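In case you want the letters, here they are:
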Amino acid sequence: MAKGYWVARVDVRDPERYKDYIAAATPAFEKYGANFLARGGAMAAMEGKSRARNVIIEFPTMQAAIDCYNSPEYAIAIKIRQEVADGEIVVLDGL
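This one's a predicted model, so the numbers in the text were calculated from it and none came from an experiment.

The rules behind the values
Residues numbered from 1 in each chain as written. Predicted model: local features only at pLDDT ≥ 70, side-chain atom pairs only at ≥ 80, totals over all residues. Heavy atoms only, no water. Helix = DSSP H or I, 4+ residues; strand = E, 2+ residues; numbered from the N terminus. Rg over C-alpha atoms; globule rule 2.2 N^0.38 Å. Buried < 20%, exposed > 50% of the residue type's maximum accessible area, 1.4 Å probe, protein only. Contact = heavy atoms within 4.5 Å. Areas by Shrake-Rupley, 256 points an atom, 1.4 Å probe, with all protein chains shown as cover. Pairing = 2+ DSSP bridges.

1. Overview of the overall build of the protein chain
Scanning the protein chain for helices and strands turns up three helices and four strands. Listing the helices and strands of the protein chain from first to last along the sequence gives β-α-β-β-α-α-β. Computed over the C-alpha atoms, the radius of gyration of the protein chain is 13 Å, within 12% of the 12 Å expected from 2.2 N^0.38 for a compact globule of 95 residues. On the principal axes, the C-alpha backbone points of the protein chain span a range of 35 × 30 × 15 Å. Relative to its 95 residues, the protein chain shows a buried fraction of 32%. Long-range pairs, those at least 24 residues apart, make up 78% of the contacts in the protein chain between residues at least 6 apart in sequence. Counting only carbon and sulfur atoms, one obtains 57% of the accessible surface of the protein chain, whose full area is about 5,800 Å².

Laid out in structure tokens, this is it:
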């Protein structure tokens, strides 16, 4: 079965409160087997509109990636993130 991936592109408006998002999201990530492949750090924007923070998270399956996003644990984190950051998250099926 193919792995699933979150690709998140984020501009953080409130770095101090974004720490609250990270803390709130951690239980969901642990429950669904998240493995961070890229988490912020240096990047080079090659085409299109870029965001300051880019994250790639690997999950054991596509369904685990979707379930994590839709989980009650992550719902708490979503509310915080949407208050303190702008961005996009897509879930991809791995090869």
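Here the narrative resumes, following the displayed structure.
2. Regarding the pairing of strand β1 (residues 4-12)
In the sheet, β1 pairs with strand β3 (residues 53-59) via seven bridges, with the strands oriented antiparallel. Paired with W6 across the bridge in β3 is I57. Direction of pairing for β1 relative to strand β4 (residues 85-93): antiparallel, over a ladder of nine bridges. When the bridges of β4 are listed, W6 appears paired with V91.

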